[in-house]
Amino acid sequence: MTDEVVNAGVIGVGSMGQNHARVYNELPGTNLVGVFDVDDERASGVAAQYGTTARSMESLLEAADIVSIAVPTQFHYENAKRALESDVHVLVEKPFVDDPENGSELIDIADDRDLTLQVGHIERFNPVVQTLRDLVEDLDIYAVSTERVGPPIDRAIDDSVVMDLMIHDLDIVLDIVDGDIDSHNAVGTPDCRYANATLRFDTGVTASLTTSRVTQEKVRGLTISAEDCRVKVDYIDQSIEIHRSSVPAHIDDGSLVRHRHENFVETLTVEQKEPLKSELSSFANAAKTDSQPVVDGEQGLRVLKLTKELDEEAKSIPDQKRRVQVDAQ
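Here goes a summary of the coordinates provided. As the structure is a prediction and not an experimental result, all values here were calculated from the model. (Residues numbered from 1 in each chain as written. Predicted model: local features only at pLDDT ≥ 70, side-chain atom pairs only at ≥ 80, totals over all residues. Heavy atoms only, no water.)

Some words on the environment of T203
Phase 1 of the analysis: Within the secondary structure layout, T203 lies in the loop between β8 (194-201) and β9 (206-212).
Phase 2 of the analysis: Sequence-wise, T203 and I181 are 22 residues apart; in three dimensions their C-alpha atoms are separated by 8.7 Å.
Phase 3 of the analysis: Every residue in contact with T203, bar those within four places of it in the chain, is listed here: D178 and G179.
Phase 4 of the analysis: Side-chain polar atoms of T203 contact the backbone oxygen of D178, separated by 3.3 Å. (Helix = DSSP H or I, 4+ residues; strand = E, 2+ residues; numbered from the N terminus. Contact = heavy atoms within 4.5 Å. Polar contact = N/O pair within 3.5 Å; in protein donor to acceptor, adjacent residues only side chain to side chain.)

Have a look at this one:
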């Protein structure tokens, strides 16, 4: 790999892959050497837009030091394996893979070849999350709740709302809460467009996560209830508020005794950044310096396994409901 600039490529240039191509083209430390897509016309269009070349897979892997893989989830494994076996560093979009066993194999290949394998959990690179990680070190957390909801979108998505949306919040919760998960459960609608999950950690912390594609308001938020404050995170606005209460006091003005309990809100300053630029810059740097990526394969595999379990629970029909359906027939 060159000392100055990392040669980057993108495999799969749908809506997400096109953004990867744009960012690699804009970052000062990367050189976009090409893109590949099974749709030749789309690959050529994206290549022309960002001043690069539409290549065959073989040609791209020969030219690139690093690649982003932004194809549908069921093709993550085969593309990542081919790239790693070509000695190319890999960032694979979330969810990591379809089958956790395939994820373990990719981790082993990357380790054997001393390659960087990063999983694209982009919310880790939201500046509010980076600020939050410093904040939670001093908090005695009781509970965490998250909302990732919004109206239907105008493009087809193969993954359920749990695999597509909730996985982001599960990754953040696992990152900021200490301990292992003692128990979890999830429920969802039959069409898999709304789901709620609860987690309980062995440290006593609980988490509640809600995701939806049928809510007529776009919300991306996280709230922490702690010993002496309540922390509200807005991913969209990239803002953090800390709500605190003063000590209750009784005021005697001579004719009336009144109770006073004031609330204080502290708004933290968060440097505004595009998360994808931070993510790809971090990935390129990890590959270049042989350092640990922010979200490595093991972390991606951990959240994948939990997400798949919750997805199955959300899709399952309770025994009582199943009996009602059978009786009705």
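Picking up after the structure, the text goes on.
Regarding unusual backbone geometry
Phase 1 of the analysis: Between K94 and P95 the backbone carries a cis peptide bond, its omega angle lying at -10°.
Phase 2 of the analysis: Within the chain, Q238 stands out as a residue other than glycine whose phi angle is a positive 55°.
Phase 3 of the analysis: With respect to the helices and strands, the residue Q238 is situated in the loop between β11 (230-234) and β12 (239-245).

Things to note about the pairing of β11
Phase 1 of the analysis: Here β11 shows one buried face, formed by V231 and V233, and one open face, formed by R230, K232 and D234.
Phase 2 of the analysis: Relative to β11, strand β10 (residues 219-226) runs antiparallel, the two sharing five bridges. Across the sheet, T223 pairs through a bridge with K232, a residue of β11.
Phase 3 of the analysis: The turn joining β10 and β11, which pair antiparallel and follow one another in sequence, is formed by three residues.
Phase 4 of the analysis: Of the pairings in the sheet, the one linking β11 to β12 comprises five bridges and is antiparallel in character. Across the sheet, the residue bridging to R230 is H243, located in β12.
Phase 5 of the analysis: Hairpin connection of β11 to β12: four residues between the antiparallel strands, including Q238 at a positive phi of 55°. (Buried < 20%, exposed > 50% of the residue type's maximum accessible area, 1.4 Å probe, protein only. Pairing = 2+ DSSP bridges.)

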